[in-house]
Number of protein chains: 2
Amino acid sequence: MNYRVGVAQFEPKFLDVEKNLQTMENLLYDCQADLVVFPELATSGYVFKSQDEVKSVAESAFTGKTATLFKKLAKQYNCSLVVGFPEKFRNQYFNSSILVNPDGRIYVYRKIHLFYEEKLFFSPGNLGFQVFPAKKDVQVGLMICFDWIFPEAARTLSLKGSEIIAHSANLVLPWCQQAMITRSLENRVFSITSNRIGTEINGESKQTFTGMSQILGTRGEILKRMQEKEIGIEYFTIDPTLAKDKTITEFNDAFSDRRTEFYS
Amino acid sequence: MNYRVGVAQFEPKFLDVEKNLQTMENLLYDCQADLVVFPELATSGYVFKSQDEVKSVAESAFTGKTATLFKKLAKQYNCSLVVGFPEKFRNQYFNSSILVNPDGRIYVYRKIHLFYEEKLFFSPGNLGFQVFPAKKDVQVGLMICFDWIFPEAARTLSLKGSEIIAHSANLVLPWCQQAMITRSLENRVFSITSNRIGTEINGESKQTFTGMSQILGTRGEILKRMQEKEIGIEYFTIDPTLAKDKTITEFNDAFSDRRTEFYS
């Protein structure tokens, strides 16, 4: 199956949801893809210093401005879209991403492993690692940023049938892009890491994001990797069904060779 | 704590146990270390084509020629040693490694994830992933070669308290040395991958081994990496107690941040 996927990279403007939504709409202008992944907290920026700031930009996953616009764009381009945003649900705030399909269906992931001061402003994800059907029924697992350092995240998504891991990120540590090669390789799964760029300052807090968004194949091949400061969407055509094949050698299979009785 | 570790790399001669033991004894000639790791199947070579070949070189883990020599060497150099060899136990054959301490104690690991045609000649390991006390009571977890591709192997050894993973290998795939960086990083553990070199031919079977043996720090730093065809032992002084600290940031800990209720 030919399946065209895209990875987006840009610099969100802190707390300016309208502008960030406009930027993402602009980036999609020539989109002819089946799935495009945007960064973590792409609507809001990242360096929160108070929960009031989070509250000012948080939205419902199903009826907020972001959901509304992305439903329109997914239909317009006939393309599944993944985007990270601060989610308000009842009285809780989550660092979430949604998969929005051309038919209007929306699926939510709430970040399970919160990084650094996110713990001050967000509740830890409570929905588990789930795999959702994107366009053409391709199975997409969602995880966010720091989830990468826990091998159990990508493993769980893969054991549950992910063909593609949609990994929205705001990366500040130097290791993830390389480690995701191991994640794709050990699970025989495609991965799309969409990272932001730029330096964001809020009071005394400052973070610099590393770009280098990438699309990886099931052997960990780098199919696309963007530069550190590039803005845009890079596309690549993959065959997601390759991820159903967990063969390593004629004697070895990445999943059936697992000996779970010996794992802690 | 200053703890001097070594990683050995050489080209075993197929089925010539005497010669291979002599080579390893020679490599240790100037050893002033606390722990040295040798490759997988270092006494026998790798490319078996029949179980008779395995039988001809298999030994008891505790009373064989290898155990006997390594007990002598561990005492002589006051150094813990890890070495891979074909183990005979009752009527079974395992691809095993032993940790041999200066006081004569021996601990055995039997390879859990067999690679390729090893499945024809060896029984899968039945002792689990275990952590053993080496010299100065440093906690050493043993795994062998292809175990690297299963994140659960290094994870299990680390959760059980490994400060150093002693990873004896005969690597033929191109990915392991890089993936071990992820293993050390995600587990905040030292790792020593001792690989062999050379091309081994047996009838129509042929394997080329990739060298590049390495010692990695708890942040995945490459403390030592040998060349593809180099022979020798490279040493580096580490502080194994650093592996007790699983801190990633002041808000994050590689182990206590795990949310096992969501892992498959």
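Residues numbered from 1 in each chain as written. Chains lettered and ligands numbered in written order. Predicted model: local features only at pLDDT ≥ 70, side-chain atom pairs only at ≥ 80, totals over all residues. Heavy atoms only, no water.

Engineer: Looking at this model, I keep getting lost on empty space enclosed by the protein. Mind explaining?
Structural biologist: Unfilled space is identified by rolling a water-sized probe across the atoms. All chains considered together, the criterion is met by two cavities of 30 Å³ or more. By volume, the largest cavity is sized at about 60 Å³. In terms of lining residues, the largest cavity is bounded by Phe-115, Cys-145, Phe-146, Trp-148, Asn-170, Leu-171, Val-172, Leu-173 and Cys-176 of chain A. In terms of residue class, the lining of the largest cavity is built from eight nonpolar, one polar and no charged. Here the second largest cavity is characterised by a volume of approximately 50 Å³. Taken together, Phe-115, Cys-145, Phe-146, Trp-148, Asn-170, Leu-171, Val-172 and Leu-173 of chain B form the lining of the second largest cavity. Its residues assigned to classes, the lining of the second largest cavity comprises seven nonpolar, one polar and no charged. (1 Å grid on protein atoms, 1.4 Å probe; cavity = no way out; pocket = protein on both sides within 12 Å on 5 of 7 lines; lining within 4 Å. Points joined across faces, edges and corners; volume = space filled by probe spheres on them. Nonpolar A, V, L, I, M, F, W, Y, C, P; charged D, E, K, R; others polar.)

Engineer: In this structure, what is going on with the pattern of salt bridges? I would like to understand it.
Structural biologist: If charged atoms from side chains of opposite charge come close, those side chains can pair. Under the definition given, this model contains 38 salt bridges over all chains. Between Lys-136 of chain A and Asp-34 of chain A there is a salt bridge, with the nearest N and O atoms lying 3.5 Å from each other. One end of the pair, Lys-136 of chain A, is in the loop between β6 (131-133) and β7 (139-144); the other, Asp-34 of chain A, is in the loop between α1 (17-27) and β2 (35-37), with 102 residues separating them in the sequence. The class of Lys-136 of chain A is partly exposed, set by a relative accessible area of 46%. What you see here is one network of salt bridges that share partners, running through Arg-183 and Glu-186 of chain A together with Arg-183 and Glu-186 of chain B. (Salt bridge = Lys/Arg side-chain N within 4 Å of Asp/Glu carboxyl O. Helix = DSSP H or I, 4+ residues; strand = E, 2+ residues; numbered from the N terminus. Buried < 20%, exposed > 50% of the residue type's maximum accessible area, 1.4 Å probe, protein only.)

Engineer: Before we go on, may I ask you to explain the interface of chain A and chain B in this structure?
Structural biologist: Listed per partner, the contact involves 47 residues of chain A and 47 residues of chain B. Remark: the boundary between chain A and chain B carries eight salt bridges. Its salt-bridge partner being Asp-257 of chain A, residue Lys-119 of chain B comes within 2.9 Å of it at the nearest N-O pair. Joining chain A to chain B, the criterion identifies 23 residue pairs in polar contact (both at pLDDT 80 or more). If you list the elements that add at least two residues to the side of chain A that touches chain B, you get α4 (118-121), α5 (151-159), α6 (176-187), β15 (247-249) and β16 (252-253) of chain A. Among the elements that take part in the side of chain A that touches chain B, α6 of chain A stands out by supplying six residues, more than any other. Tallied by class, the residues present in the side of chain A that touches chain B amount to 23 nonpolar, ten polar and 14 charged. (Contact = heavy atoms within 4.5 Å. Polar contact = N/O pair within 3.5 Å; in protein donor to acceptor, adjacent residues only side chain to side chain.)

Engineer: How should I be thinking about the relation of the copies chain A and chain B in this particular structure?
Structural biologist: Put simply, the two copies of the chain differ by a rotation about an axis and a shift along that axis. Laying chain A over chain B is done by rotating through 180° and shifting 0.0 Å along the axis; what remains is an RMSD of 0.0 Å. As the rotation angle and translation indicate, the two copies are arranged about a two-fold axis. Of the interface residues in chain A, 100% have counterparts in chain B that sit at the interface too, so the contact is made through matching surfaces. (Least-squares fit on C-alpha atoms with pLDDT ≥ 70 in both.)

Engineer: Mind showing me how you'd approach the packing of aromatic side chains here?
Structural biologist: When we look at a pair of aromatic rings, we describe it by the centre distance and by the angle of the planes. Counted under the stated rule, the structure contains 20 aromatic pairs over all chains. Taking the centre distance of 5.9 Å and the plane angle of 75° together, the rings of Phe-48 of chain A and Phe-122 of chain A count as edge-to-face. Of this pair, Phe-48 of chain A sits in the loop between β2 and α2 (51-57) while Phe-122 of chain A sits in the loop between α4 and β6; the two residues are 74 residues apart in sequence, bridging distant segments of the chain. With a centroid separation of 5.8 Å and 20° between ring planes, the pair formed by Tyr-109 of chain B and Phe-129 of chain B is classed as stacked. Note that Tyr-109 of chain B is positioned in strand β5 (residues 106-110) and Phe-129 of chain B in the loop between α4 (118-121) and β6 (131-133), a separation of 20 residues in sequence. Classification of Phe-129 of chain B as buried rests on a relative accessible area of 0%. Cluster of aromatic residues (ring-pair linked, three or more members): Phe-115, Tyr-116, Phe-146 and Phe-150 of chain A together with Phe-251 of chain B. (Phe/Tyr/Trp six-rings, centres within 6.5 Å; stacked < 30°, edge-to-face > 60°.)

Engineer: Honestly, the sheet that holds strand β8 (residues 164-168) of chain A in this entry has me stumped. Any pointers?
Structural biologist: Backbone-to-backbone hydrogen bonds join strands into a sheet, with any given pair of strands oriented parallel or antiparallel. Residues and elements named next belong to chain A. Reading across from one edge, β6-β7-β8-β9-β12-β13 is the order of the six strands in this open sheet, with mixed pairing throughout. Each having just a single partner strand, β6 and β13 (222-225) make up the two edges of the open sheet. With strand direction ignored, the average angle separating the axes of adjacent strands in the sheet is 20°. The pairing of β6 with β7 spans three bridges and is antiparallel. (Pairing = 2+ DSSP bridges. Axes fitted to C-alpha atoms, helices over the stretch in contact; angles between N-to-C directions.)

Engineer: I keep staring at the side chain of His-167 of chain A and nothing clicks. Help me out?
Structural biologist: Looking at the element boundaries, His-167 of chain A is found in strand β8. One polar contact links the side chain of His-167 of chain A to the main-chain carbonyl oxygen of Cys-145 of chain A, over a distance of 2.9 Å.

Engineer: Could you clarify how one ought to interpret the confidence of the model for chain A in this entry?
Structural biologist: Of the residues in chain A, 100% reach a pLDDT of 70 or more, and the chain-wide mean stands at 98. Confidence estimates for the predicted assembly give a pTM of 0.98 and an ipTM of 0.97. (pLDDT = per-residue confidence, 0-100.)

Engineer: For this particular structure, what's the right way to read the pairing of strand β10 (residues 197-202) of chain B?
Structural biologist: Two faces, one strand: in a regular strand the side chains alternate between the faces of the sheet. Residue and element names in this part refer to chain B. Bridge count for β10 against strand β11 (residues 205-210) is six bridges, and the pairing is antiparallel. Residue Ile-201 lies in a different strand from β11, and its bridge partner there is Lys-206. The hairpin turn running from β10 into β11, its antiparallel successor, is two residues long, and Gly-203 in that turn takes a positive phi close to 60°.

Engineer: Just to check I follow, could you spell out the environment of Gly-211 of chain A for this structure?
Structural biologist: Residue and element names in this part refer to chain A. Position of Gly-211 among the secondary structure elements: in the loop between β11 (205-210) and β12 (214-216). Note on Gly-211: relative accessible area 0%, which makes it buried. As for Gly-211 and Ile-98, which are separated by 113 residues in sequence, their C-alpha atoms are 21 Å apart. Apart from the residues lying within four places of it in its own chain, the contact partners of Gly-211 are Gln-9, Gln-177, Asn-195, Arg-196, Ile-197, Gln-227 and Glu-228.

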